[in-house]
Amino acid sequence: MVLWAVPSFVSTSRRLRFIRLGKPRDLSVIYRDFLKMTESPQVPTSGPASPFRSPDFVKLFLTNIAEFCGATLFKLATLQFLYEATASGLALGGLGFVMLIAMVPSTLYGGILADQVDRKRLVAACMAVAFALCAFLAVMEACGWLRAWHIYVVTAIHQAARRLEGSARGALVATTVPAPSIPNAISIVTLVQQAGEVFAPVLFGAAAMFPSLAPAFFLGALSYAPAALLPLYIGASGLANGATVSVKGGFAAIASLVEGVRYILGHPLLPGLYVLDWGMTLFTFYRELFPFFVAILFTEARLGLSARQAAAALTIANYSGGTLGSSLTLLFNSYQYKGRAVCLATLAYGAFASLIGSTPLLPVGMACVALCGAADAVGMTFRKTVVLVTTPDHLRGRAQAGHSLAANVANALGQMYVAAMGTLVGLPATMALGGALTWAAVGLAVWRIPELWRDSSGRAAAGSGSEAQASTQQHETAPDQGSDEPPSPAVTGRGMSQGSSRLLPEGAHSACASDCGSSAGPQHTCETR
């Protein structure tokens, strides 16, 4: 008792210095704040490495490493085999169309499943399917039976399996760590994704030295094996708050989907963030087209690398930059203006994407790709933070599905667009035009959705995750308490999840100002009580 009372008292004395002397304040508010400051402390959750204090997060962390490595090896091997078998950039673009057809229904249904079934079992089952697909391709290639049409069929199944579990695995992050650690956990997951996708191309480069790509497919299967087992050992519940193990069908599933869509469209930031993602990806997507870029654009200063190794080197450069960008977000998770940060990162991405097509030198191209990866990782991390921190648990699966669908549909369409435009007008003109259109998309998004830049209500993502969780629980238990007290203005805020700082209705400003001591105004914000 004494051990924690001393630091609590010190923390209390520091915070009480900020009370403006001579300004009348509601004594009940001061007393309530005092109680919060002197609560029995929990395990520290503010440091960048705080999520690793949770054994469940460590298991999810290892699951993500295995999944990222397996998915990257699968992608590199299938793309390289398809381009070598067809020698056509349009064939790679056609693979994007197949992925689009597979991902849309699977992502939407995956979001519904993530809010209804055990998320841990869903992730494990889908990872087992991915393992089987990689093993199948390894056997087919080793026997010399693999053909281009096999790649299209297996890629469609693989894409569907990954999208069915992606929302569940993303939502598990918020259940394996304390709420204040969620932003750091998201940054770590993104960082691990980038690092895993750096390590996987190194393995692919080694496996590509063999005439056959069977070793690369076999390594992909080995990577997926731990991802099919580890989720089952996570101790935290895999069910969303209020969910049952029954799966809705028919009109109930449609109603659940509509509920998620309404939440996303009513959110003050998510639609604008998705527009930015589309603006930067649709016109400049390059990651799935590296064999095409190596054959057509980066033909000089290869440093003695084969075409396969040059494609792997570009992938390593891209995700090395992503690793750096994800690391930087750990230093800025307390930055309140998440929407503004995404806008600036998108502008930087557009500039670097234009430079990709400006040179035939492979080292220069690798540097530009690395810078694009860094800017993309910053924007992606902040988008995921807003989605998870400001969304109630019973909607997180569908909100994650919305984020995944927006990003991956843009990826598939961008893959088709860049492949077609690169074939018709050349890759330099395609990437230069894509960079300009990315800047135009940012300007349009900020003009039409000014909250992206002002980001007054997005401050919830700057660390009020604990408030969101507490308010969500209060919202769920309120009908049973029989209380006649009306909900606080923050709970009734426009389109946001319960318990996050946000824009208040006009009538609530004066009441809020009397409690928090701030002047009421049209852009005034207040934290949930």
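See the structure printed just above.
Keep in mind the model is a prediction, meaning the values are calculated, not measured.

Draft legend 1. Spotlight on the overall build of the chain. Helix and strand counts for the chain come out as 19 helices and 2 strands. The buried share among the 529 residues of the chain stands at 54%. At a minimum sequence separation of 6, the contacts of the chain that also span at least 24 residues come to 84%. Summed over its atoms, the accessible surface of the chain is roughly 22200 Å², and 68% of this surface lies on carbon and sulfur atoms.

Draft legend 2. Quick look at helix H6 (residues 148-176). With 29 residues, H6 should reach 42 Å at 1.5 Å per residue; the first-to-last C-alpha distance of 41 Å fits that figure. Within H6, the axis deviates most sharply at Gly-166, by approximately 35 degrees.

Draft legend 3. Inspection of the nonpolar core at higher detail. Membership of the largest hydrophobic core comes to 94 residues, with the highest contact counts inside it found for Ile-182, Phe-204, Tyr-286, Phe-293 and Ile-356. It is helix H3 (residues 55-86) that contributes the most residues to this core, 15 residues altogether. Membership of the second largest hydrophobic core comes to 22 residues, among which are Leu-273, Leu-276, Ala-341 and Cys-343.

Draft legend 4. The arrangement of the packing of H3 against helix H8 (residues 214-227) in detail. Where H3 contacts H8, the axes come no closer than 7 Å and their chain directions differ by 160 degrees. Relative to H8, the element H3 is oriented roughly antiparallel. Seen from above, H3 lies across H8 with left-handed handedness. Contacts between H3 and H8 involve Thr-63, Ala-66, Glu-67, Cys-69, Gly-70, Ala-71, Leu-73, Ala-77 and Thr-78 from the former and Ala-216, Phe-217, Leu-219, Gly-220, Ser-223, Tyr-224, Pro-226 and Ala-227 from the latter. Along the lines of polarity and charge, the residues of the contact of H3 with H8 split into 11 nonpolar, 5 polar and 1 charged.

Draft legend 5. Quick look at helix H13 (residues 338-356). Compared with the 27 Å implied by 1.5 Å per residue over 19 residues, the 27 Å span of H13 between its first and last C-alpha is a close match. Buried within H13 are the following residues: Lys-338, Gly-339, Ala-341, Val-342, Cys-343, Ala-345, Thr-346, Tyr-349, Gly-350, Ala-353 and Ile-356. Buried residues along H13 sit in contact with helix H10 (270-281), helix H11 (290-296), helix H14 (362-389), helix H16 (427-448) and helix H17 (451-454).

Draft legend 6. Expanded view of the packing of aromatic side chains. All told, the structure shown has 6 aromatic pairs when counted by the stated rule. A centroid spacing of 5.0 Å and a plane angle of 80 degrees characterise the contact between Phe-52 and Phe-61, whose relative ring orientation is edge-to-face. On the basis of relative accessibility, which here comes to 36%, the residue Phe-52 falls in the partly exposed class. A ring pair is formed by Phe-57 and Phe-61, whose centres lie 6.4 Å apart and whose planes are at 35 degrees; its orientation type is tilted. In this pair, Phe-57 and Phe-61 both sit in helix H3, 4 residues apart, roughly one turn of the helix.

Draft legend 7. Here's a closer look at a nonpolar patch on the surface. There is a patch of nonpolar side chains on the surface, built from Leu-324, Leu-328, Leu-331, Phe-332 and Tyr-335 and spanning about 500 Å² of accessible area. Of note, Phe-332 is situated in the loop between helix H12 (307-329) and H13.

Draft legend 8. Region of the structure containing the pattern of salt bridges. Tallied over the full model, the rule gives 5 salt bridges. Notably, a salt bridge pairs Glu-84 with Arg-308, separated by 2.6 Å at the nearest N-O pair. Linking Glu-84 in helix H3 with Arg-308 in helix H12, this pair joins segments that are 224 residues apart in sequence. Residue classification places Arg-308 among the buried positions, given a relative accessible area of 12%. The partner of Asp-376 in a salt bridge is Arg-287, with the nearest N and O atoms 3.3 Å apart. Of this pair, Asp-376 sits in helix H14 while Arg-287 sits in the loop between H10 and H11, and the two are 89 residues apart along the sequence. Taking relative accessible area as the criterion, Arg-287 reaches 18% and is therefore assigned buried. Overlapping salt bridges bring together Glu-67, Arg-162, Glu-165 and Arg-169 as one network.

Definitions and limits used
Residues numbered from 1 in each chain as written. Predicted model: local features only at pLDDT ≥ 70, side-chain atom pairs only at ≥ 80, totals over all residues. Heavy atoms only, no water. Helix = DSSP H or I, 4+ residues; strand = E, 2+ residues; numbered from the N terminus. Buried < 20%, exposed > 50% of the residue type's maximum accessible area, 1.4 Å probe, protein only. Contact = heavy atoms within 4.5 Å. Areas by Shrake-Rupley, 256 points an atom, 1.4 Å probe, with all protein chains shown as cover. Expected span 1.5 Å × (residues − 1). Bend = angle between axes of the 7 residues up to and from the residue. Core = buried A, V, L, I, M, F, W, Y, C linked by side-chain atoms within 4.5 Å. Axes fitted to C-alpha atoms, helices over the stretch in contact; angles between N-to-C directions. Parallel < 35°, antiparallel > 145°, perpendicular 65-115°, else oblique. Left-handed = near helix turned anticlockwise from the far one by under 90°. Nonpolar A, V, L, I, M, F, W, Y, C, P; charged D, E, K, R; others polar. Phe/Tyr/Trp six-rings, centres within 6.5 Å; stacked < 30°, edge-to-face > 60°. Patch = residues over 30% accessible without salt bridge, like charges linked within 9 Å, V, L, I, M, F, W, Y side chains within 5 Å. Salt bridge = Lys/Arg side-chain N within 4 Å of Asp/Glu carboxyl O.

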